[in-house]
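Coordinates in review
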Amino acid sequence: MAGSVPMIGQTSPRNEKLTVPKRRWVKNVLIVAAVLVLIWLIVLPLAVVLTESLKKGWDVYIAALRDPDALSALKLTLLVAAITVPLNTIFGIAAAWAITKFKFRGRQLLITLIDLPFSISPVVAGLIYVLVFGSHGWLGPWLKEHDIHIIFALPGIVLATLFVTFPFVARELIPLMEDQGSQEEEAAVTLGARGWQVFWRVTLPNIKWGLLYGIVLCNARAMGEFGAVSVVSGHIRGETNTLPLHVEILYNEYQFSASFAVASLLLLLAVITLVLKSWFTRKSVH
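Residues numbered from 1 in each chain as written. Predicted model: local features only at pLDDT ≥ 70, side-chain atom pairs only at ≥ 80, totals over all residues. Heavy atoms only, no water.

**Points about the UniProt feature "transmembrane region" (unreviewed entry) in the protein**
As recorded in UniProt, the feature "transmembrane region" (unreviewed entry) lies at residues 29–50, 70–97, 109–130, 150–170, 211–236 and 256–276. Span residues 109–130 is 91% helix and 0% strand, its end C-alpha atoms 25 Å apart. The distance separating the terminal C-alpha atoms of residues 211–236 is 35 Å; by composition the span is 81% helix and 0% strand. (UniProt positions renumbered as here; feature names shortened; annotations may be inferred. Helix = DSSP H or I, 4+ residues; strand = E, 2+ residues; numbered from the N terminus.)

**Regarding helix H2 (residues 58–66)**
Taken together, the buried positions of H2 are Tyr61, Ala64 and Leu65. All buried residues of H2 lie within an arc of 95 degrees about the axis, which places them on one face of the element. Turned more than 90 degrees away from the buried face of H2 sit Asp59 and Arg66, all of them exposed. (Buried < 20%, exposed > 50% of the residue type's maximum accessible area, 1.4 Å probe, protein only. Arc of directions from axis to C-beta.)

**A closer look at the pattern of salt bridges**
As enumerated under the stated definition, the model contains 5 salt bridges in all. A salt bridge links Asp115 to Arg171; the nearest nitrogen and oxygen atoms lie 2.8 Å apart. With a gap of 56 residues between them, Asp115 in helix H4 (residues 107–119) and Arg171 in helix H8 (residues 167–180) connect regions that are remote in the sequence. A salt bridge links Arg237 to Glu253, with the shortest nitrogen-to-oxygen separation between them at 2.8 Å. On the criterion of sequence distance, the pair formed by Arg237 in the loop between helix H11 (227–233) and helix H12 (243–252) and Glu253 in the loop between H12 and helix H13 (256–285) is long-range, its members being 16 residues apart. Judged by relative accessible area, which is 37%, Glu253 ranks as partly exposed. Sharing partners across several salt bridges, the network here consists of Asp69, Arg237 and Glu253. (Salt bridge = Lys/Arg side-chain N within 4 Å of Asp/Glu carboxyl O.)

**Focus: the packing of aromatic side chains**
Taken as a whole and assessed by the stated rule, the structure comprises 12 aromatic pairs. With centroids separated by 6.2 Å and ring planes inclined at 85 degrees, the aromatic side chains of Trp196 and Phe199 adopt a geometry described as edge-to-face. Of this pair, Trp196 and Phe199 both sit in helix H10 (residues 195–224), 3 residues apart, which is roughly one turn of the helix. The class for Phe199 is buried, based on a relative accessible area of 11%. These aromatic residues form a ring-pair network of at least three members: Phe91, Tyr129, Phe133, Phe163 and Phe166. (Phe/Tyr/Trp six-rings, centres within 6.5 Å; stacked < 30°, edge-to-face > 60°.)

**Considering the environment of Tyr129**
If you trace the backbone, Tyr129 turns up in helix H5 (residues 122–133). Taking relative accessible area as the criterion, Tyr129 reaches 17% and is therefore assigned buried. Side-chain polar atoms of Tyr129 contact the backbone oxygen of Leu159, separated by 3.4 Å. (Polar contact = N/O pair within 3.5 Å; in protein donor to acceptor, adjacent residues only side chain to side chain.)

**Quick look at the environment of Phe91**
As for its placement among the helices and strands, Phe91 is situated in helix H3 (residues 68–101). For the pair Phe91 and Pro167, spaced 76 residues apart in sequence, the C-alpha separation works out to 9.2 Å. Sequence-distant contacts of Phe91, defined by excluding residues within four places in its chain, comprise Ile114 and Phe166. (Contact = heavy atoms within 4.5 Å.)

**Brief notes about the packing of helix H9 (residues 183–190) against H10**
As a packed pair, H9 and H10 sit with axes 10 Å apart at the nearest point and diverge in direction by 165 degrees. The angle between the axes of H9 and H10 places the two elements in the roughly antiparallel class. The crossing of H9 and H10 is right-handed. Along the contact surface, H9 presents Glu184, Glu185, Ala188 and Val189, while H10 presents Val198, Val202, Thr203 and Asn206. Along the lines of polarity and charge, the residues of the contact of H9 with H10 split into 4 nonpolar, 2 polar and 2 charged. (Axes fitted to C-alpha atoms, helices over the stretch in contact; angles between N-to-C directions. Parallel < 35°, antiparallel > 145°, perpendicular 65-115°, else oblique. Left-handed = near helix turned anticlockwise from the far one by under 90°. Nonpolar A, V, L, I, M, F, W, Y, C, P; charged D, E, K, R; others polar.)

**Looking at the side chain of Thr84**
The topology assignment puts Thr84 in helix H3. Judged by relative accessible area, Thr84 falls into the buried class, the value being 0%. Apart from the residues lying within four places of it in its own chain, the contact partners of Thr84 are Val158, Thr161, Leu162 and Ala222.

**Some details on the nonpolar core**
Grouped together as the largest cluster of nonpolar side chains are 34 residues, with contacts concentrated most on Ile114, Ile157, Phe163, Leu173, Leu211 and Val232. Secondary structure elements with two or more residues in this core: H3, H4, H5, helix H7 (154–165), H8, H10 and H11. Among the elements that make up this core, the one with the highest residue count is H3 (7 residues). Residues within four places of Phe163 in sequence aside, it is in contact with Pro117, Ile120, Ala125 and Tyr129. Ala64, Ala70, Val247 and Leu250 belong to the second largest nonpolar core, which has 15 residues in total. (Core = buried A, V, L, I, M, F, W, Y, C linked by side-chain atoms within 4.5 Å.)

**Digging into unusual backbone geometry**
Positive phi, close to 55 degrees, is recorded for His235, a residue that is not glycine. Here His235 falls in the partly exposed class, since its relative accessible area comes to 29%. Phi is positive for Tyr254, which is not a glycine, with a value near 65 degrees. As for its placement among the helices and strands, Tyr254 is situated in the loop between H12 and H13.

Here you go:
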């Protein structure tokens, strides 16, 4: 009827025509704002890195990457990642398994300790290792007496990187394993499966994509870590410099093209990480 009044809880066609354009306008503004922020904070810096690295031509770019110090930094970065990522993977799986499958005293304390590197500055973490293992630290005299080098050497870099990266795998697996529950594992145990059989045939297939996702993030952070490694490395060129530290040294020496050329390697790592992250996310969803 022409003079009918809409019932309570209903909106008239006239009101719908007024609200829909407004919602679309708000949505479009938010999308444009998000795109502009991403361009300003991500796309432009990446474009600057690529532009500056090739500013003096391919010869200078290739020479910067073939420099012995750059190659040494790359090898050290890969070596540190090759050590820390498997160790953090083992720890992450064990911690997630213990937290999600068992009830025990100190469970909440373990979760808090896993989250600790997220709340502590990497520089502070590096200073802690210097305080413990440095020449004037708690264990310094004993280490010096036995000719064991931790600080300003590979072991210190590995320890600092382990500290800042160990939450990634565990924090990725804990919510995933909590959502899946333990019914399948319990059923496998009742059928006679042992611990390792339960893990390899039941648990691992269910968490494999989340595990790979956490490994990718852990690896990216291990290769790109600067703060903690900077404190414990000593910045010894050709020996204890990782790629981020080498970029800083080149930039401070006004070798801008070389510094951006080496930085492009880290940029390539970031792009590969982003691609793998998106792929693993889609796999885990499906």
